[in-house]
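# Report on the structure
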Amino acid sequence: MSSIINTKVKPFKATAFHQGKFVPVSDQDLAGKWAVVCFYPADFTFVCPTELGDLADFYPKFQEIGVEVYSVSTDTHFTHKAWHDASDTIKKINYPMIGDPTGTITRNFGVMIEEDGLALRGTFVINPEGEIKVAEIHDLGIGRSAAELFRKVQAAQYVANHDGEVCPAKWTPGEATLAPSLDLVGKI
């Protein structure tokens, strides 16, 4: 398996349920800004609403740092609306919920479980140039944390804006970064 890191998002067109409407979404909507694309297996399930609800709680923070969030499953946009109408947790979502019933987007990101027609839990951070900077893929039973994703986006943004600096483990804004050099080898 080759790495998806630093590759461009492949072209796609889909329909999302967003703020009470069905809206077209494409790879072009990701261009020019930071984006998070969060794949999950299916609507009306168990771990998925806990993750999407957590992401909904953090959505204003993502917006504050110029990041759009998209969730994607192989369900249709109609199913996303039905789930939104039926679940108090999903009603909190203000980001676009993309339907990918053909699996095109899910396959483009390498998270399709072909025998089930479902997505693995995949999270991708995409820079304004359309390059994937963070890729994290989980098995179905392992939920993700929006707080940790937010921290990773902040680190990706910092590195993009500070040439020659890197963010160590658990870095948060305001903490020291590292400047890799010959003098630093073996000193950490």
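As a reminder, the structure under discussion sits directly above these lines.
The structure displayed is predicted, hence computed values, not measured ones. (Residues numbered from 1 in each chain as written. Predicted model: local features only at pLDDT ≥ 70, side-chain atom pairs only at ≥ 80, totals over all residues. Heavy atoms only, no water.)

### Brief notes about the pairing of strand 4 (residues 67–73)
- Most of strand 4 sits out of view: seven of its seven residues are buried.
- The alternating pattern of strand 4 places V67, V69, S71 and S73 on one face and E68, Y70 and V72 on the opposite face, and all of these are buried.
- Between strand 3 (residues 34–39) and its parallel partner strand 4, the chain crosses via helix 2 (residues 47–64), and the hand of that crossover is right-handed.
- As judged from the three bridges shared by strand 4 and strand 5 (residues 97–99), these two strands associate in the parallel manner. Within strand 5, the residue paired with S73 across the bridge is G99. (Buried < 20%, exposed > 50% of the residue type's maximum accessible area, 1.4 Å probe, protein only. Helix = DSSP H or I, 4+ residues; strand = E, 2+ residues; numbered from the N terminus. Right-handed = clockwise from strand over helix to strand, strands pointing away. Pairing = 2+ DSSP bridges.)

### Some points on the packing of helix 2 against helix 6 (residues 146–161)
- Close contact between helix 2 and helix 6 brings their axes to 9 Å; oriented N to C, the two are set at 30°. With respect to their mutual orientation, helix 2 and helix 6 come out roughly parallel. For the element pair helix 2 and helix 6, the recorded crossing hand is right-handed. Contacts between helix 2 and helix 6 involve D54, L55, F58, K61 and F62 from the first element and A146, A147, L149, F150 and V153 from the second.
- Split by residue class, the contact of helix 2 with helix 6 holds eight nonpolar, no polar and two charged. (Axes fitted to C-alpha atoms, helices over the stretch in contact; angles between N-to-C directions. Parallel < 35°, antiparallel > 145°, perpendicular 65-115°, else oblique. Left-handed = near helix turned anticlockwise from the far one by under 90°. Contact = heavy atoms within 4.5 Å. Nonpolar A, V, L, I, M, F, W, Y, C, P; charged D, E, K, R; others polar.)

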